[in-house]
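# Inside the fold
Read off the chains here:
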Amino acid sequence: MQEIINRAKELLADGTVVRVLGWRIGDLPYNPEPSYFETAEDLEANFVYNGFCGANLSKYMIEGSKLEGKTLVFLKPCDTYSFNQLIKENRVARDKAYIIGIGCKGKLDVEKIKAQGIKGILSIRGAEYDGPADTLTVETLYGEKTVPYKDAMLERCHVCKGKDHMIYDELLGESTDTKDADRFEEVRRIEAMSPEEKFAYFQSELSRCIRCNACRNVCPACSCRKCVFDSTKFDSAQKANVDSFEEKMFHIIRAFHVAGRCTDCGECSRVCPQGIPLHLFNRKFIKDIDEFYGEYQAGADAESKGPLTSFTFNDVEPGVTGGRR
């Protein structure tokens, strides 16, 4: 982390950048927050990079691109897919960003730690990046507990797209291959359900939604200047779920809006306060796109056209897609 801070201070000092976009120490040891830094003193005192820095900083560069001067942004390998996609959609300006690709050994989910019966967390050791750690040591009000690092990782890290950065100006640190699961295993499990079972499953999951809009606000693919769900011309702006249709409509329409553009960064599920696996909607579309149009990874580059925004005579016929349930 100190190497990252030192490099950021150098780039600020020589005028290469006028601000730094990174992670700030949060109110809790496992809750760092995306933040801008403009001084070396602020960086030294408050910058942090550890296993809990799961936030994808790409979307914050939409506003960063509008600011005067160049912004230094730190991107993990998976974040660079989102940045490329935003370039492709002309939502961020490449020349306004200085990208440092930083190493990642898998990001942590404090909810997975709590799910193992650990309460009253005071501090967590082993999440730092000063060396490899296979075990997290959790100091609690009730004593010390240990948790295997891999058992506390975010779901997306178990199906990681790889440790290579898709776009960068320079690299710092090394990444670890954390993939140990099939990306579409859960999707196939749901596909195997009967229509009634699928409906019941998603009805159960989405009934917990409180329409906080955290998923929409954090999603790099949700980059419209004004969201349809903020319109006052029809009832979608309401925050409460007044009926069962309303609670489903928001997530289903949002998933359709990002189809073909979602990089599967998993931010929607990471920030959901209700723990709803929202990424499954997007991952289903990704799986179908791969099967219908050939394998495609959104954000793998900043130039190619997506399968849903280009036409070829080899495209699957509408009757085939319409026959899928």
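Before reading on, note that the structure itself is shown above.
Described below are features of the structure shown in this document. Predicted, not measured: the structure shown is a model, and the values here were computed from it. (Residues numbered from 1 in each chain as written. Predicted model: local features only at pLDDT ≥ 70, side-chain atom pairs only at ≥ 80, totals over all residues. Heavy atoms only, no water.)

## Description of the overall build of the protein
Across its full length, the protein holds 13 helices and 8 strands. Principal axes of the C-alpha set define a box for the protein whose edges measure 60 × 50 × 40 Å. Within the protein, counting contacts between residues at least 6 apart in sequence, those at least 24 apart form 67% of the total. Here the protein displays about 16,300 Å² of accessible surface, and carbon together with sulfur accounts for 53% of that area. Mean positive and mean negative side-chain charge positions of the protein (45 and 51 charges, respectively) differ by 4 Å. (Helix = DSSP H or I, 4+ residues; strand = E, 2+ residues; numbered from the N terminus. Contact = heavy atoms within 4.5 Å. Areas by Shrake-Rupley, 256 points an atom, 1.4 Å probe, with all protein chains shown as cover. Lys, Arg positive; Asp, Glu negative; His and termini not counted. Charge placed at Lys NZ, Arg CZ, Asp CG, Glu CD.)

## As for the environment of Lys-66
Position of Lys-66 among the secondary structure elements: in the loop between helix 3 (60-64) and strand 3 (71-75). You can call Lys-66 exposed: its relative accessible area is 55%. For the pair formed by Lys-66 and Ala-93, sequence separation is 27 residues and the distance between their alpha carbons is 8.5 Å. (Buried < 20%, exposed > 50% of the residue type's maximum accessible area, 1.4 Å probe, protein only.)

## Overview of helix 12 (residues 279-293)
Relative to the 21 Å expected for 15 residues at 1.5 Å per residue, helix 12 spans 21 Å between its end C-alpha atoms, a close match to the ideal helical length. By the criterion of burial, helix 12 is predominantly enclosed, with 11 of the 15 residues buried. For helix 12, the set of buried residues is His-279, Leu-280, Phe-281, Asn-282, Arg-283, Ile-286, Lys-287, Asp-288, Ile-289, Asp-290 and Phe-292. At the C-terminal side of helix 12, Gly-294 shows a positive phi close to 100°. (Expected span 1.5 Å × (residues − 1).)

## Some details on the sheet that holds strand 7 (residues 143-148)
The antiparallel open sheet is built from 3 strands, whose spatial order is 5-6-7. Of all the strands in the sheet, just strand 5 (121-125) and strand 7 have a single pairing partner and so form its edges. Across this sheet, the average inter-strand angle for adjacent strands is 25°, counted without regard to direction. Of the strand pairs in this sheet, strand 6 (residues 135-140) and strand 7 are connected by 6 bridges, and their pairing is antiparallel. (Pairing = 2+ DSSP bridges. Axes fitted to C-alpha atoms, helices over the stretch in contact; angles between N-to-C directions.)

## Re empty space enclosed by the protein
If you walk through the whole model with that rule in mind, you get 5 cavities of 30 Å³ or more. In this structure, the largest cavity encloses a volume near 200 Å³. Lining the largest cavity are 19 residues, and of these Cys-78, Arg-156, Cys-157, Cys-160 and Lys-161 sit closest to its centre. Going through the elements one at a time, helix 4 (77-88) and helix 6 (155-158) are the ones with two or more residues in the lining of the largest cavity. Its residues assigned to classes, the lining of the largest cavity shows 7 nonpolar, 5 polar and 7 charged. Around the second largest cavity sit 19 residues that line it, and Cys-219, Pro-220, Cys-262, Thr-263 and Cys-265 are the ones nearest its centre. Of all the secondary structure elements, the ones that give two or more residues to the lining of the second largest cavity are helix 4, helix 11 (267-271) and helix 12. By residue number, the principal contributor to the lining of the second largest cavity is helix 4, which donates 3 residues. For the lining of the second largest cavity, the residue count by class is 8 nonpolar, 6 polar and 5 charged. (1 Å grid on protein atoms, 1.4 Å probe; cavity = no way out; pocket = protein on both sides within 12 Å on 5 of 7 lines; lining within 4 Å. Points joined across faces, edges and corners; volume = space filled by probe spheres on them. Nonpolar A, V, L, I, M, F, W, Y, C, P; charged D, E, K, R; others polar.)

## Observations regarding the sheet that holds strand 3
Taken in spatial order, the 5 strands line up as 2-1-3-4-8 in an open sheet, and their pairing is mixed. Whereas interior strands pair on both sides, the edge strands pair on one side only; in this sheet they are strand 2 (33-37) and strand 8 (170-172). Adjacent strand axes in the sheet meet at a mean angle of 30° when their direction is disregarded. Two elements, strand 4 (residues 97-102) and strand 8, share 3 bridges in a ladder whose sense is parallel. Bridging across to strand 8, Gly-101 finds its partner in Leu-171. Strand contacts of helix 4: strand 3 and strand 4, with the helix running at about 130° to strand 3, the strand carrying the most contacts.

## Description of the packing of aromatic side chains
The final tally for this structure, using the stated rule, is 8 aromatic pairs. The interplanar angle of 75° and the centroid separation of 5.5 Å between the aromatic rings of Phe-311 and Phe-313 together place this pair among those described as edge-to-face. By the burial criterion, Phe-311 is exposed, and Phe-313 matches it. Joined through ring pairs, the aromatic side chains of Phe-37, Phe-47 and Phe-74 make up one cluster. Above the ring of Tyr-81, the side-chain terminus of Lys-161 is found at 5.1 Å from the ring centroid. (Phe/Tyr/Trp six-rings, centres within 6.5 Å; stacked < 30°, edge-to-face > 60°. Lys NZ or Arg CZ within 6 Å of the ring centre and 35° of its normal.)

## Brief notes about the pattern of salt bridges
Taken as a whole and assessed by the stated rule, the structure comprises 25 salt bridges. The partner of Asp-301 in a salt bridge is Lys-88, and the shortest N-O contact between them spans 4.0 Å. With a gap of 213 residues between them, Asp-301 in the loop between helix 12 and helix 13 (318-322) and Lys-88 in helix 4 connect regions that are remote in the sequence. Residue classification places Asp-301 among the partly exposed residues on the basis of a relative accessible area of 26%. Of the charged contacts, one joins Arg-208 and Glu-205 as a salt bridge, the two residues approaching to 3.0 Å between their closest N and O atoms. Residue classification places Arg-208 among the partly exposed residues on the basis of a relative accessible area of 29%. Glu-205 gets classed as buried once you look at its relative accessible area, which sits at 15%. Among the ionic contacts, a cluster of salt bridges with common partners joins Glu-191, Lys-284, Lys-287, Asp-288 and Glu-291. (Salt bridge = Lys/Arg side-chain N within 4 Å of Asp/Glu carboxyl O.)

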